[in-house]
Amino acid sequence: MYVRAMAKITEKILLEKSSPKTNKLDQIKTLNLSRMGLKSEDLPVPLLSKLCSLEQLDLSGNMLQEIPKGLCLPCLKILNCSNNDMEDVTSLEALRNIEELRLEDNLYLTVNDEHKVIFLLPKLRMFNGKDISSTAHHIRHGSTEILRKRVIGLWERSFSLPDPITTQSLAAVEKSFVNAALSQIKYGPSSLSDYTKWRVEMIAKEYLKSLTCSEEESTDITPTKENESPAERKARDLGGNSIASPQKRTRNSTEVSAEASPRKSSRLASTAPAEASPRKSTRVPSTPQKTDPILSSPRKNARMTNVDTPEGSPRKSSRLENISQKVVTKTESPRKASKSSGISTPTSRPAKCESPRKTAKDQTTAQQSKQTTADTPRKTTRIKLQVPQEPVSLQPFHVLQCHSRQDSPDDFSTQLWACAFEPPQECSGGDVRDGSRTVATCGGETLCVIDCESGHVLKKYKVPGEEFFSLAWSTVLMSRTGGSTRPCNILAAGGKRGLVKLIHPRVNLAFGEFRVSRRAISIMRFSPRNVSFLFTGTYENKIFLWDIGGLDRDYNFKISKLLVLETCSTPLHLSLLPTSPDTHLLSACDDGLCVFDIELSKNTQKRNEEMEIVFPVYKKKDKKNTYRTIDGLSFLSDDIVASKSHMQGSIYLWSWSATRASWNGRKKEVAAVVLAELQWSSTDVPYLSLGTCPGYGYVVCGDEQGRLWMYHITDTMMENFKSGKTISATEVLEWPAPVRAGKGALEGPSINSIAMDPDLQYLVALTDKNMAVVWKRENH
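None of these values were measured; they are calculated from a predicted model. (Residues numbered from 1 in each chain as written. Predicted model: local features only at pLDDT ≥ 70, side-chain atom pairs only at ≥ 80, totals over all residues. Heavy atoms only, no water.)

**Digging into helix H5 (residues 167-184)**
So, point 1. Between its terminal C-alpha atoms H5 stretches 26 Å, which fits the 26 Å expected from 18 residues at 1.5 Å a residue.
So, point 2. Where H5 is concerned, the buried positions are Val-173, Phe-177, Val-178, Ala-180, Ala-181 and Leu-182. (Helix = DSSP H or I, 4+ residues; strand = E, 2+ residues; numbered from the N terminus. Expected span 1.5 Å × (residues − 1). Buried < 20%, exposed > 50% of the residue type's maximum accessible area, 1.4 Å probe, protein only.)

**Remarks on the sheet that holds strand E22 (residues 521-526)**
So, point 1. Ordered by their spatial adjacency, five strands build an open sheet running E22-E23-E24-E25-E29, and the pairing between neighbours is mixed. The sheet is open, and its two edges are formed by E22 and strand E29 (606-607), each paired on a single side.
So, point 2. Looking at chain direction, strand E23 (residues 533-538) and strand E24 (residues 542-547) are connected through six bridges and run antiparallel. Note on E24: the bridge partner recorded for Gly-537 is Ile-543. (Pairing = 2+ DSSP bridges.)

**Brief notes about the packing of aromatic side chains**
So, point 1. Enumeration over the complete set of coordinates arrives at 15 aromatic pairs.
So, point 2. On the numbers, 6.3 Å between centres and 90° between planes, the contact of Trp-417 with Phe-469 is edge-to-face. Of the two residues, Trp-417 is situated in strand E14 (residues 416-421) and Phe-469 in strand E18 (residues 468-479); the sequence distance between them amounts to 52 residues. The residues Trp-417 and Phe-469 share a single accessibility class, namely buried.
So, point 3. Geometrically, the ring pair formed by Phe-615 and Tyr-652 is stacked, given 5.6 Å between the ring centres and 10° between the ring planes. With Phe-615 in the loop between strand E30 (611-614) and strand E31 (630-635) and Tyr-652 in strand E33 (residues 650-655), this pair connects stretches of sequence that are 37 residues apart. Each member of the pair, Phe-615 as well as Tyr-652, is classed as buried.
So, point 4. Between Arg-199 and the ring centre of Phe-119, over which it is positioned, the NZ or CZ distance is 3.8 Å. (Phe/Tyr/Trp six-rings, centres within 6.5 Å; stacked < 30°, edge-to-face > 60°. Lys NZ or Arg CZ within 6 Å of the ring centre and 35° of its normal.)

**Considering the packing of helix H3 (residues 111-120) against helix H4 (residues 133-158)**
So, point 1. H4 packs onto H3 with a crossing angle of 85° between their chain directions and a minimal axis gap of 8 Å. Judged by the inter-axis angle, H3 sits roughly perpendicular to H4. Note on element contacts: H4 touches H3 through Ala-136, Ile-139, Arg-140 and Thr-144, opposite His-115, Ile-118 and Phe-119.
So, point 2. Of the residues belonging to the contact of H3 with H4, the class tally is four nonpolar, two polar and one charged. (Axes fitted to C-alpha atoms, helices over the stretch in contact; angles between N-to-C directions. Parallel < 35°, antiparallel > 145°, perpendicular 65-115°, else oblique. Contact = heavy atoms within 4.5 Å. Nonpolar A, V, L, I, M, F, W, Y, C, P; charged D, E, K, R; others polar.)

**Focus: H4**
Since one α-helical turn is 3.6 residues long, residues separated by three or four positions face the same way.
So, point 1. In this model, H4 (26 residues) spans 37 Å end to end at C-alpha, consistent with the 38 Å of a helix rising 1.5 Å per residue.
So, point 2. When the local axis directions of H4 are compared, the greatest deviation, roughly 35°, occurs at Ile-139. (Bend = angle between axes of the 7 residues up to and from the residue.)

**A word on the sheet that holds strand E5 (residues 100-102)**
So, point 1. The seven strands lie next to each other as E1-E2-E3-E4-E5-E6-E7, forming an open sheet whose pairing is mixed. With one partner strand each, in any of the chains shown, strand E1 (18-19) and strand E7 (130-131) form the two edges of the open sheet.
So, point 2. For strand E6 (residues 126-127) and E7, the ladder comprises two bridges, and the chain directions are antiparallel. Bridged to Met-126 within E7 is Asp-131.

**Some words on the nonpolar core**
So, point 1. Leu-57, Leu-59, Leu-79, Leu-101, Leu-103, Val-117 and Leu-124 are the most contacted members of the largest nonpolar core, which totals 41 residues.
So, point 2. Listed by contribution, the elements that provide at least two residues to this core are helix H1 (11-16), helix H2 (45-48), H3, H4 and helix H6 (193-220). (Core = buried A, V, L, I, M, F, W, Y, C linked by side-chain atoms within 4.5 Å.)

**Regarding the pairing of strand E26 (residues 571-576)**
So, point 1. Within E26, six of the six residues are buried, which leaves it mostly tucked inside the rest of the structure.
So, point 2. The pairing of E26 with strand E27 (residues 584-589) spans five bridges and is antiparallel. From the neighbouring strand, Pro-571 faces E27, where its bridge partner is Cys-589.

**A short note on the pattern of salt bridges**
So, point 1. This structure, assessed with the given rule, holds 22 salt bridges.
So, point 2. Between Glu-55 and Lys-29 there is a salt bridge, with the nearest N and O atoms lying 3.9 Å from each other. Highlighted residues: Glu-55 in the loop between H2 and strand E3 (56-58) and Lys-29 in the loop between E1 and strand E2 (30-32), separated in sequence by 26 residues.
So, point 3. Accessibility expressed as a relative area gives 32% for Glu-55, which makes it partly exposed.
So, point 4. By relative accessible area, which is 37% here, Lys-29 ends up partly exposed.
So, point 5. Here Glu-104 makes a salt bridge to Arg-102, at a shortest N to O gap of 2.4 Å.
So, point 6. Among the ionic contacts, a cluster of salt bridges with common partners joins Glu-99, Glu-100 and Arg-125. (Salt bridge = Lys/Arg side-chain N within 4 Å of Asp/Glu carboxyl O.)

**Quick look at the pairing of strand E16 (residues 446-451)**
So, point 1. Of all six residues that make up E16, six are buried, and the element is covered over most of its length.
So, point 2. Linking strand E15 (residues 438-443) to E16, which pair antiparallel, is a turn of two residues; within it Gly-444 sits at a positive phi near 60°.
So, point 3. For E16 and strand E17 (residues 457-462), the ladder comprises five bridges, and the chain directions are antiparallel. Considered in E17, the bridge of Ile-450 is made with Val-457.
So, point 4. Joining the antiparallel neighbours E16 and E17 is a turn of five residues, in which Gly-455 adopts a positive phi near 80°.

**Here we look at unusual backbone geometry**
So, point 1. Backbone torsion omega between Ser-19 and Pro-20 reads -5°, so that peptide bond is classified as cis.
So, point 2. Relative to the helices and strands, Pro-20 resides in the loop between E1 and E2.
So, point 3. A cis geometry characterises the amide bond from Asp-163 onward to Pro-164, with omega recorded as 5°.
So, point 4. Non-glycine residue Met-647 carries a positive phi angle of around 70°.
So, point 5. Relative to the assigned elements, Met-647 resides in the loop between strand E32 (640-645) and E33.
So, point 6. Overall, the relative accessible area of 34% leaves Met-647 in the partly exposed class.
So, point 7. Unusually for a residue other than glycine, Asn-770 sits at a positive phi of about 60°.

**Considering the environment of Met-202**
So, point 1. By the element assignment, Met-202 lies in helix H6.
So, point 2. Remark: the alpha-carbon pair of Met-202 and Val-178, spanning 24 residues in sequence, is separated by 8.8 Å.

**Let's talk about the side chain of Ser-569**
So, point 1. Along the chain, Ser-569 turns up in the loop between strand E25 (560-566) and E26.
So, point 2. Using a relative accessible area of 9% as the deciding quantity, one classes Ser-569 as buried.
So, point 3. Engagement of the side chain of Ser-569 in a polar contact is seen with the backbone nitrogen of Asp-590, the distance being 3.2 Å.
So, point 4. Polar side-chain contacts of Ser-569 include one of 2.7 Å to the backbone nitrogen of Asp-591. (Polar contact = N/O pair within 3.5 Å; in protein donor to acceptor, adjacent residues only side chain to side chain.)

Below you can see the structure in the form of structure tokens.
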């Protein structure tokens, strides 16, 4: 027998949940339909449209995926749709008189959807409890006018109306024009690419429609001038209907550019004192802590902090102000820790300071000239580097303080340990986005996702009691309704609690975790070929290979352990071979550099190192130092590896293929075939890791004074290298010396970690004083 489902919303229910109390729907002004388990199909459009006087509607705490199309509420001014399952916001366009809107805690909405809402609702002034007047003006007018000019320019350069105009020919031109606009017109941060494409498509169609309308009108009314451009025709036919250029936007305390996301970073509100953190001991955990159970469903998951919060919120990062540069005198010992003090939030973006750059010769010291490799001649190995011959120029762009303990602006002791740029993703139409300007950073109990152009902290994730040491990005496949899949960029992060946290930053969701070890995680790395394979190094002297598989639409995943690699000591860095990442793993450890066979075709799950690579500096061994702590490791090309030892005072470039070819298989130790040696700081501060940018031939390593040693490695440099002589740095960038309010400039900290995007547009340096420094490339 067929039983008709009972309607969840009836006239009686509307009258019961309304105010003021009345017996007529058209007199209801306020209606509360929150926490009723409503889905979109449960909202009866004809019945709700009778609420012609409704001014305030609360739909929070339901399961709505969208607002039903056709809903007409002409007097509605306040709408609360928070804590739902909203996926589409375009249906809100019908409610054009809304002035206040809440959409918090909708897992599937992104910053792109927020921009769409602001554009679609012309009277919206309060969004998620914030006044968005200035942001809304830019979104509705400033960016629209810029995109409109670019769309018109593209049409005038490459397109024209068909002759004669038919439905079929016009549709073909529209398709070609829209596709060209979507692929060629770029604007704003990559995090807003979906919104930008949505607006570009809309503007392109509107513009083409205006041309065809004016064409029809000109046939009936006014003759078309010969050689008249589409822009001229549009200006004549449309008259004053085009959007006027907006007034210049007033800069706020963070000076958000016209292309930036509205999320801002500003001064931290909390003033709790920061706790001191020793540099080296912080990497060694004490007793493990109890952890939460594994998460698998997004309904119960921790949510990432969105830093789009009211003024003064402790979730925002403090931006440090740059001042004119100072030259830091080089010392032989680590710098003394400066006292914590307050800093002022700048009124504008940090100025592009002309960093005093030292030439390679200026940096030479007596100690660095006595390199151990003079005793060990290098083998001549010809390796070609296909990189640009001209060096790049970087300028300090942002200095951010966004990992503070207890959100204290006085915290200058939290050490930041790892950073990585988000991998490029395939865009619509099959195009691949070149590089990325979104970087993830970790340190203390927080993980941040930062837009390098605007300096905004886009997402922030905090785990009380954790200290994050490492993170890694990967692009995994997520199931969709109907059996298809889509790629999504996820983050894995771990630290002293021995847990891997899995995060999907785009939807603000920490969707799961799993335990790796009872001791701390020191390093992690995803495989570039098998994107669900995650290597995790731990303080129990082991490296585990996990397969996290794909994600279903509810973010469920299945973990399986594939390999256990026994290391000689704590692994500090992991590198996979660029050309065959599924065959060998290089592990830089506290006591040497090990190489592991990681082919899964073999039956052995537990494995020891296949060989250990030894370096000439080991011969300097004395009672104080063995020089075996490899605290920097990265591939510069498919074959060239850059690595360094603690207190080595230099960086080795060596050949993986030549080194492996020289291994006879009987002894585990094999001497590295060193191609070159790069002069570096003589500091005794450990764990200052290096970074590489293979596409531009760059090796970069920070030192204990906040400086960046830049090495542009070209074929000419490699050919000119002579045995026993080190290569000087191409350039040494000085610490930008940001200012604390009333305290003067901050002295240079140690640079713990370096990351560069593939196009070397941005370089991010993390310090041991809770500062992340973004450098930007100067384009001449």
